Amino acid sequence: MIFSKGNPSQDKIRQLSVYIDQSSSIVATTGAGISVAGGGVTYGQMRMANRGTARRHSSQDGHNSFLPTYLETMFSYQPSYAHYALAELEAEGKITGIITTNVDCMHTIAGSKNVAEIQGSLQVNCCSKCGRYYDGYEIWKQDELPMCESCGGEILPWPLYSHIGIWNADARKARDWIAKADLILVIGTHGNYGDVYWDYRKRGAVIVQINPGHTYFDSIADLNIREDSDEVFHKLMEMRDKKE
């Protein structure tokens, strides 16, 4: 890909690359915007599925509503380019961790190891009867509602079981990572979840926002890149490859 001289987008992405090189601890925070390019389900769609399940008296009916809305989409699509790019940066030792409100497991599927899913995901599942936890999204790769091996109760993913509550184990990881980060990448998200993790950020950390729309982060970001995350990371990774 060839960039023209004086291209504002190219200049901002070059500055992002400099920030990455100069940083010793980088945390990425992501929202629905990073998953949409890959066909992922948004937070709003998950809320709709959650309400639909809560309104039904039958667990099976709730599951049948949830499955086509979310699960079939999840397993039909792949992570976006940005998911893979973040995983690559983590493998290079640049990304310390990823904090996400997404529940689609796409960061894990893309290969990222250090992911804090602060609202849980389909990797965190719980029996609604006895409370036994089941780790891993593979449990949902079936047509029938998974049942608990211990008591025969219905297994639900954490976002439905908790009515989209906070998964405290990952919230603690998020606070620890962001407290040490000197560069924070804000990608495709609109909310800061202040008392959950954002208010714990290190004083003086550089903030780079990647989002085509306007958000809360506009006024506090040191650098705003107004493009879709896939476009930005395509250009960024190509630029970094040329430097090697």
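For the structure itself, consult the block above.
Anyway, here's the lowdown on the structure attached to this text. (Residues numbered from 1 in each chain as written. Predicted model: local features only at pLDDT ≥ 70, side-chain atom pairs only at ≥ 80, totals over all residues. Heavy atoms only, no water.)

Considerations on the environment of Tyr-81
Thought 1: On the secondary structure map, Tyr-81 appears in helix α5 (residues 81–91).
Thought 2: Overall, the relative accessible area of 28% leaves Tyr-81 in the partly exposed class.
Thought 3: Sequence spacing of Tyr-81 and Val-232 is 151 residues, and the spatial spacing of their C-alpha atoms is 9.8 Å.
Thought 4: Among all residues touching Tyr-81, those that are not within four sequence positions of it are Asp-230, Phe-233, His-234 and Met-237. (Helix = DSSP H or I, 4+ residues; strand = E, 2+ residues; numbered from the N terminus. Buried < 20%, exposed > 50% of the residue type's maximum accessible area, 1.4 Å probe, protein only. Contact = heavy atoms within 4.5 Å.)

So, the pattern of salt bridges
Thought 1: In total, this model carries seven salt bridges according to the counting rule given.
Thought 2: With its nearest N and O atoms 3.0 Å apart, the salt bridge here joins Arg-240 to Asp-21. Of this pair, Arg-240 sits in helix α9 (residues 229–243) while Asp-21 sits in helix α1 (residues 8–22), placing them 219 residues apart in sequence.
Thought 3: Salt-bridge contacts for Lys-180 lead to Asp-176; the nearest nitrogen and oxygen are separated by 3.3 Å. Here the residue Lys-180 and the residue Asp-176 both occupy positions in helix α8 (residues 168–180), the gap between them amounting to four residues, near one helical turn.
Thought 4: With relative accessibility at 37%, the residue Asp-176 sits in the partly exposed group. (Salt bridge = Lys/Arg side-chain N within 4 Å of Asp/Glu carboxyl O.)

Function cannot be read off these values alone, since they describe shape.
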